[in-house]
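# Remarks on the overall topology
Spelled out from the first residue to the last, the chains are:
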Amino acid sequence: MKDYSNIGRLAVRIVLGAQLLLGFVFNLLHWPDTVATSAAMLGDSLAPWASAGAIALLGLSGLSLMFDFRPQWGAILLALFLLPATPSHILSAREARQQGEAAVAAQPEEAGRLPIRRLTEIADRGQIANVGKNLVLLAAGVWLALSAGPRSKKKAAG
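Below: a short report on this structure. As the structure is a prediction and not an experimental result, all values here were calculated from the model. (Residues numbered from 1 in each chain as written. Predicted model: local features only at pLDDT ≥ 70, side-chain atom pairs only at ≥ 80, totals over all residues. Heavy atoms only, no water.)

## Examining the pattern of salt bridges
Applicable threshold: Just to be clear on terms, a salt bridge is a Lys or Arg side-chain nitrogen sitting within 4 Å of an Asp or Glu carboxyl oxygen. Elements are defined by DSSP. Helices are runs of H or I of four residues or more, strands are runs of E of two residues or more, and each kind is numbered from the N terminus. With a 1.4 Å probe rolled over the protein chains alone, any residue whose accessible area is under 20% of its type maximum counts as buried; one over 50% counts as exposed, and the rest are partly exposed.
Under the defined criterion, the tally for this structure stands at one salt bridge. Residues Asp 68 and Arg 9 are paired through a salt bridge, measuring 3.4 Å at the closest nitrogen-oxygen approach. With Asp 68 in the loop between helix H3 (47–66) and helix H4 (71–106) and Arg 9 in helix H1 (residues 5–29), this pair connects stretches of sequence that are 59 residues apart. Of the two residues, Asp 68 and Arg 9, neither departs from the other in class, the shared state being buried.

## Observations concerning the layout of surface pockets
To keep it simple, the criterion reads: Cavities and pockets are found on a 1 Å grid laid over the protein atoms alone: a cavity is a set of points where a 1.4 Å probe fits but cannot escape, a pocket is an open set with protein on both sides within 12 Å along at least five of seven lines, and a lining residue has an atom within 4 Å of such a point. Grid points are joined across faces, edges and corners, and a volume is the space filled by probe spheres set on the points. Gly is put with the polar residues, along with every residue not named as nonpolar or charged; the nonpolar set is Ala, Val, Leu, Ile, Met, Phe, Trp, Tyr, Cys and Pro, and the charged set is Asp, Glu, Lys and Arg.
Of the pockets and cavities examined, the largest pocket occupies roughly 870 Å³. Counting residues per element, the ones that place at least two in the lining of the largest pocket are H1, helix H2 (31–42), H3, H4 and helix H5 (114–146). It is H4 that contributes the most residues to the lining of the largest pocket, eight residues altogether. For the lining of the largest pocket, the residue count by class is 15 nonpolar, 14 polar and two charged.

## Examining the environment of Pro 87
Relative to the elements of secondary structure, Pro 87 occurs in helix H4. Remark: the alpha-carbon pair of Pro 87 and Asn 130, spanning 43 residues in sequence, is separated by 10.0 Å.

## A look at the nonpolar core
Rule in force here: What is meant by a nonpolar core is a set of buried Ala, Val, Leu, Ile, Met, Phe, Trp, Tyr and Cys residues, joined one to another through side-chain atoms within 4.5 Å. We call two residues in contact whenever any of their non-hydrogen atoms come within 4.5 Å of each other.
Counting 14 residues, the largest nonpolar core has Leu 16, Leu 20, Leu 65, Leu 78, Phe 81 and Leu 82 as its most contacted members. Listed by contribution, the elements that provide at least two residues to this core are H1, H3, H4 and H5. Per element, the largest residue contribution to this core is five residues, and it comes from H4. Setting aside its immediate chain neighbours within four residues, Leu 78 contacts Leu 20, Ser 61, Leu 65, Leu 137, Leu 138 and Gly 141.

## Concerning unusual backbone geometry
Even without glycine at this site, Asp 68 takes up a positive phi of about 55°. For Asp 68, a relative accessible area of 5% corresponds to the buried category. Not every positive phi belongs to a glycine, and Arg 70 is a case in point at roughly 50°. Here Arg 70 shows up in the loop between H3 and H4.

## Some thoughts on a nonpolar patch on the surface
This is how the line gets drawn: A patch consists of residues whose relative accessible area exceeds 30% and which take part in no salt bridge; residues with like charges are grouped when within 9 Å of each other, and nonpolar side chains (Val, Leu, Ile, Met, Phe, Trp, Tyr) when within 5 Å. The accessible surface values rely on the Shrake-Rupley method and a 1.4 Å probe; as for residues, cover is taken only from the protein chains in view.
A cluster of nonpolar side chains, contributed by Leu 10, Ile 14 and Val 15, occupies part of the molecular surface with about 260 Å² of accessible area. Structurally, the position occupied by Ile 14 is in helix H1.

## Considerations on the packing of H1 against H3
When two helices pack together, you describe them by how their axes are tilted relative to each other and by the distance separating the axes. Our working definition: Inter-axis angles, ranging from 0 to 180 degrees, are taken between N-to-C directions of lines fitted to C-alpha atoms, where helices are fitted over the stretch in contact. When describing relative orientation, an angle under 35 degrees is termed roughly parallel and one over 145 degrees roughly antiparallel, while 65 to 115 degrees is termed roughly perpendicular and anything else oblique. Note on convention: the crossing is left-handed when the near helix lies turned anticlockwise from the far helix by less than a right angle, right-handed when the turn is clockwise.
Following both chains from N to C, one finds H1 and H3 inclined at 155°, their axes separated by 8 Å at the closest point. As the angle between them shows, H1 and H3 are arranged roughly antiparallel. Pair H1 / H3 crosses with left-handed handedness. For the pair H1 and H3, the contacting residues are Arg 13, Ile 14, Leu 16, Gly 17, Ala 18, Leu 20, Leu 21, Gly 23, Phe 24, Asn 27 and Leu 28 in the first and Ile 55, Leu 58, Gly 59, Ser 61, Gly 62, Leu 63, Leu 65 and Met 66 in the second. Among the residues forming the contact of H1 with H3, the class breakdown is 12 nonpolar, six polar and one charged.

## So, the side chain of Ser 38
Tracing the sequence through the fold places Ser 38 in helix H2. With near-sequence residues (within four places) excluded, Ser 38 lies in contact with Gly 43, Ala 47 and Ser 51.

Quick look at the structure:
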């Protein structure tokens, strides 16, 4: 029976690396929004540094895992990015819910409150979906690091 584990590992490396590198490029292209998001959580003075560090972690972990170059380090870099980033989605979901409830309460009854309530639910679900996505990305990174083949181990040793 043929062993297809290398093909599966290659597919996970490509998809995970592409996801991380797309996030890297997206955050670079939307630098002001990235810094503004960080500023909301960390304050204005730390935001540019935290954003630059987060973007660097995304890019380095994506390259490491995609090209199977020291994947254990790539998984560590990915964890360093995702572990603080994931709770931010939970906080954003709570904030979206609170803002939506305030907007619903401020809107006159005759105007119909359903559209605002629905938008709030969508924003909330989107943030919670990001939490799940981050956990899956973390699991895939850890799996790639733990299943690193002899080729990866030789690269790391030599």
